[in-house]
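Residue-level structure breakdown
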Amino acid sequence: MPLYDYRCTECGNQFEARHGFNDAAPPCPVCGAQGVERLILTAPAEMRGVLAEAGSGGNATKEELRDKWAEETPKLRKKLVDKLGEDTVSRYAPSLNMKYNDQ
Ligand SMILES: [Zn+2]
């Protein structure tokens, strides 16, 4: 079974869990919260490549990265949806639905 990376939205703990593709996300092992988000580290290799492309800012400033994100993300998302399907993209890369944030 595939190994997934999660981050707890309650306490920020990051952990790995091995389970089937269609199984629900496990609760946080530290605080027990159900509110965990899957990280994109374990996205399919193909998707990871595209996401890496999006992050290839080199020495770009935060502003440049944000602009690049805003410009590239819709294009990348469409490319991924065409290739992998809406469901897979929403499942593995929810961050593509969001605005860039530089935390
Ligand atoms: Zn937690």
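Counting restarts for each chain: residues are numbered from 1 in the order of the written sequence. The model is predicted, so local features are restricted to residues of pLDDT at least 70 and side-chain atom pairs to those at 80 or more, both for listing and for counting; the totals for chains, interfaces and linings are taken over all residues.

**Considerations on the overall build of the chain**
Numbered from the N terminus, helices here are DSSP runs of H or I no shorter than four residues, and strands are runs of E no shorter than two. Each helix and strand counted, the chain has three helices and three strands in total. Beginning at the N terminus, the succession of helices and strands in the chain can be written as β-β-β-α-α-α. Put simply, a residue is buried when 20 or more other C-beta atoms lie within 10 Å of its own C-beta and exposed when 12 or fewer do; between those, it is partly exposed, and each C-beta is set from the backbone. In the chain, which comprises 103 residues, the share counted as buried stands at 15%.

**Remarks on the confidence of the model for the chain**
What pLDDT expresses is the predictor's confidence in each residue, scored from 0 to 100. Summarising the model, the chain shows a mean pLDDT of 77, and 72% of its residues fall at 70 or more. When pLDDT is averaged over each element of the chain, strand β2 (residues 14–18) comes out on top at 90 and helix α1 (residues 45–54) at the bottom at 58.

**Examining the sheet that holds strand β1 (residues 3–8)**
Pairing between two strands is assigned when DSSP locates at least 2 bridges connecting them. An order of β2-β1-β3 is seen for the three strands of this open sheet, with the pairing classed as antiparallel. Lying at the two open borders of the sheet, with one neighbouring strand each, are β2 and β3 (36–38). Averaged over all adjacent pairs, the angle separating strand axes in this sheet is 40°, with direction ignored. Axes here refer to lines fitted to C-alpha atoms; in helices the fit is confined to the stretch in contact. Angles between the N-to-C directions go from 0 to 180 degrees.

**Examining the pairing of β1**
The alternating pattern of β1 places Tyr4, Tyr6 and Cys8 on a buried face, while none of Leu3, Asp5 and Arg7, on the opposite face, is buried. Pairing analysis gives five bridges linking β1 to β2, with the strands arranged antiparallel. Note on β2: the bridge partner recorded for Leu3 is Arg18. Here β1 folds back onto β2, and the loop between the two strands holds five residues, one of which, Gly12, carries a positive phi near 85°. As paired elements, β1 and β3 share three bridges and run antiparallel to each other. The residue of β3 that forms the bridge with Tyr6 is Arg38.

**Remarks on the nonpolar core**
Listed in full, the five residues of the largest apolar core are Tyr4, Tyr6, Cys8, Cys28 and Val36. Looking at which element gives the most residues to this core, the answer is β1, with three residues. Linking buried Ala, Val, Leu, Ile, Met, Phe, Trp, Tyr and Cys residues through C-beta atoms within 7 Å yields a set, and such a set is a nonpolar core.

**Some thoughts on the environment of Arg91**
The topology assignment puts Arg91 in helix α3 (residues 86–92). Arg91 gets classed as partly exposed once you count the C-beta atoms within 10 Å, which come to 14. Taking the C-alpha atoms as reference, Arg91 lies 9.9 Å from Leu39; in sequence the two are 52 residues apart.

**A few points about the environment of Pro26**
Its location among the elements puts Pro26 in the loop between β2 and β3. For Pro26, a count of 15 C-beta atoms within 10 Å corresponds to the partly exposed category. A sequence separation of ten residues divides Pro26 from Glu16, and the C-alpha atoms of the two residues are 9.6 Å apart. Setting aside anything within four residues of it in sequence, one finds Pro26 in contact with Ala17 and His19. Note on contacts: each residue gets a C-beta atom placed from the backbone, and two residues are in contact if those atoms are within 7 Å.

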